[in-house]
Amino acid sequence: MSLAITGAVLDGHETALRAERGRIAELGPDVAPREDDEVIDASGMPIVPGMWNAHTHAAMTLFRGYGDDMPLMRWLREKIWPVEAKLDADDVYWGTRLACAEMIHTGTVGLWDMYWQPAATARAVAESGLRAVVGGPLIDGGDDGGEKERAELKEHAFRSLDELEAGGERISASLAPHSIYMVSEPSLRWIGACAAEHQLPIQIHLSETEDEVSQCVAAHGERPAQYLDRVGILGPRTMLAHGVWLDEGELDLIAERGATVVTNPVANLKLAVGGVFPYGAARERGIGIGLGTDGAGSNNSLDMLEQTKFLALIQKHAARDPAAAPASEMWEIAIGARSELIKGTGRIAVGEPADLLLLRAHSPVLSVGDLVANLVYAGTGAGVVDTTIVDGRVLMRGGHVADLEEIRERAIERAHRLGIA
Ligand SMILES: [Zn+2]
């Protein structure tokens, strides 16, 4: 399978590109389509790398708008957890397909996902054509749980890893301990050792709320990142979601261990966590940084350009400095180029994966001014993305995502079944 794109605009210059077996094989103004290539005439369309949603719970599109404007713990206890107890694999499959359709529509090429029924997530992502790192959430009741819960956590981890192995080459497995308050110390130690043995990434929520920090200090006499390090979870394959309340000492430690922090500015604002991820201090230390939406239940959008603008604005505002979060850096974070762990390469070059976006040639917001600044400050995914290509395959053309009507209908059916729509 091969693809040729002609007439696209790369960094202000017209270029052509060919992709073979999912990678960029040729690039330059003189590249011509070959026989058997699928050809896209992209005259006047800017070409950019696709974005990576580095923290989400994709199937939660089924919960969009369910329990908005409630405090976090009440929302979880009264709305989300009772319905999640009823979720089956088909619910997760169709919720994830709906999320993937939205992500393809808005220019995302890959996601890091943590959700129940991870095999259904993997199947949905694989069939949508996107890439993903998937993990089933591991919980054992925290330090209040007993041996039975810890044994179940291990069994659950092994089962998800087995199931995810069959996900195909665009899907990779991870271990996903939910958080330090939902997983006991012995289980965290076991997860750290298991990830090291199998060279697996770990994704975990960390320091989302100030309460989490004070509870950790009260229980363990140290802050969350220090605790994670002591139990063997903090390393170069560790993805820390949120990191709102990290202090200087924790940032030093995270930098030393080479972990990545994924900031979720819109979800943090909507749930009113009251703090802002310390971007400037993290950047100074060279910490890997990613950007995520979190689930559609708590955002409620999966549009990465929207997240990118919020990230820029909240960082500038918190630092009282408009230079604190330049558009070019925000864009690099959005395409996954600020962390070795996220699979985004962030580059359009021969040999790189063909994970690309073609932007609308006649978009009003892209007409005048710098492309990257326009994307970050004025763009929306639905408004500017015309074509989404992943692994050299065209997943959307002209703003139309394949099978969207069926996906919508089936997702609505699943939400009705769960009694939430
Ligand atoms: Zn989350």
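What you see is a predicted model, and the numbers here were worked out from it, not measured in a lab. (Residues numbered from 1 in each chain as written. Predicted model: local features only at pLDDT ≥ 70, side-chain atom pairs only at ≥ 80, totals over all residues. Heavy atoms only, no water.)

J.: Would you explain unusual backbone geometry in this entry?
T.: In terms of backbone geometry, most residues other than glycine have negative phi values and most peptide bonds are trans. Following Asn299, the chain continues into Asn300 via a peptide bond in cis, with omega recorded as 5°. Residue placement: Asn300 occurs in the loop between strand E15 (288-291) and helix H11 (304-319). Notably, Ser207 is not glycine yet its phi reads approximately 55°, a positive angle. Of note, Ser207 is situated in the loop between strand E12 (202-206) and helix H6 (210-220). With a relative accessible area of 0%, Ser207 lands in the buried category. The phi dihedral of Asp403 is positive, around 65°, even though this residue is not glycine. Structurally, Asp403 can be placed in the loop between strand E19 (400-401) and helix H15 (404-417). (Helix = DSSP H or I, 4+ residues; strand = E, 2+ residues; numbered from the N terminus. Buried < 20%, exposed > 50% of the residue type's maximum accessible area, 1.4 Å probe, protein only.)

J.: Sorry if this is basic, but what is going on with the nonpolar core here?
T.: Note that soluble globular proteins tend to have their nonpolar side chains buried in a common cluster. Counting residues in hydrophobic clusters, the biggest one holds 87 residues, and the most contacted among them are Leu130, Leu175, Ile191, Leu240, Ile254 and Trp331. With near-sequence residues (within four places) excluded, Leu175 lies in contact with Leu138, Ala157, Leu161, Ile191, Cys194, Ala195, Leu200, Pro201, Ile202 and Gln203. Core analysis: the second largest hydrophobic core is formed by 23 residues, Phe63, Ile80, Tyr115 and Ala124 among them. (Core = buried A, V, L, I, M, F, W, Y, C linked by side-chain atoms within 4.5 Å. Contact = heavy atoms within 4.5 Å.)

J.: Mind showing me how you'd approach the packing of helix H2 (residues 89-105) against helix H3 (residues 118-128) here?
T.: Packed helix pairs are specified by the crossing angle of their axes together with the interaxial distance, meaning the distance between the axes. It is the contact of H2 with H3, at a shortest axis distance of 8 Å, that shows an interaxial angle of 35°. As for the relative orientation of H2 and H3, their crossing is right-handed in sense. Packed against H2, whose contacting residues are Ala89, Asp90, Val92, Tyr93, Thr96, Arg97, Cys100 and Ile104, the element H3 presents Ala120, Thr121, Arg123, Ala124, Val125, Glu127 and Ser128 at the interface. Classifying every residue of the contact of H2 with H3 by side-chain character gives 8 nonpolar, 3 polar and 4 charged. (Axes fitted to C-alpha atoms, helices over the stretch in contact; angles between N-to-C directions. Left-handed = near helix turned anticlockwise from the far one by under 90°. Nonpolar A, V, L, I, M, F, W, Y, C, P; charged D, E, K, R; others polar.)

J.: Where do I start with the sheet that holds strand E3 (residues 23-28) in this structure?
T.: Strands pair in a sheet through their backbones, by hydrogen bonds, and they do so in one of two ways: parallel or antiparallel. Pairing within the open sheet is mixed, and its 4 strands lie in the order E3-E2-E1-E4. The open sheet has two free edges, formed respectively by E3 and strand E4 (38-41), since each of these has just one partner strand. Direction aside, neighbouring strands of the sheet carry axes that sit 20° apart on average. Alignment of strand E2 (residues 13-20) against E3, held across 5 bridges, turns out to be antiparallel. Paired with Glu20 across the strands is Arg23, a residue of E3. (Pairing = 2+ DSSP bridges.)

J.: Explanation requested: the environment of Ala354 in the structure shown.
T.: In this structure, Ala354 sits in the loop between helix H12 (327-334) and strand E16 (356-359). Expressed as a C-alpha distance, the spacing of Ala354 and Glu20, which sit 334 residues apart in the sequence, is 8.5 Å. For Ala354, the contacting residues outside a window of four places in its chain are Ala19, Gly22, Arg23, Ile24, Ile389, Val390, Asp391 and Gly392.

J.: Quick question: what am I supposed to make of the pairing of strand E14 (residues 260-263) here?
T.: Every regular strand shows the same layout, with side chains that alternate between the two sheet faces. Alternating positions in E14 separate into two faces, Thr260 and Val262 on one and Val261 and Thr263 on the other, with burial throughout. Bridge count between strand E13 (residues 238-242) and E14: 3 bridges; the pairing is parallel. Bridge pairing links Ala241 to Val262 in E14. Direction of pairing for E14 relative to E15: parallel, over a ladder of 4 bridges. Across the sheet, Thr260 pairs through a bridge with Gly288, a residue of E15.

J.: It is not clear to me how the pairing of strand E8 (residues 131-135) should be interpreted in this structure. Could you clarify?
T.: With respect to burial, E8 is a largely interior element, 5 of its 5 residues being buried. The alternating pattern of E8 places Arg131, Val133 and Gly135 on one face and Ala132 and Val134 on the opposite face, and all of these are buried. Strand direction decides the pairing type here: strand E7 (residues 108-114) and E8, joined by 5 bridges, are parallel. Within the sheet, the bridge partner assigned to Asp113 lies in E8 and is Val134. Regarding topology, H3 serves as the crossover connection from E7 to the parallel E8, and that connection is right-handed. (Right-handed = clockwise from strand over helix to strand, strands pointing away.)

J.: Honestly, H15 in this entry has me stumped. Any pointers?
T.: Residue pairs spaced three or four apart in an α-helix point in one direction, given the helix's 3.6 residues per turn. Over its 14 residues, H15 extends 20 Å from the first C-alpha to the last, a length consistent with the 20 Å expected when each residue adds 1.5 Å. Buried-residue contacts for H15 involve H2. (Expected span 1.5 Å × (residues − 1).)

J.: Help me understand the pattern of salt bridges, please; the structure alone is not making it clear to me.
T.: Where side chains of opposite charge bring their charged atoms close, a pairing between them can arise. Taken as a whole and judged by the stated rule, the model has 34 salt bridges. Between Asp91 and Arg414 there is a salt bridge whose closest N-O contact spans 2.8 Å. Of this pair, Asp91 sits in helix H2 while Arg414 sits in helix H15, placing them 323 residues apart in sequence. Residues Arg97 and Glu127 are paired through a salt bridge, measuring 3.7 Å at the closest nitrogen-oxygen approach. Of this pair, Arg97 sits in helix H2 while Glu127 is found in helix H3, placing the two residues 30 residues apart along the sequence. (Salt bridge = Lys/Arg side-chain N within 4 Å of Asp/Glu carboxyl O.)

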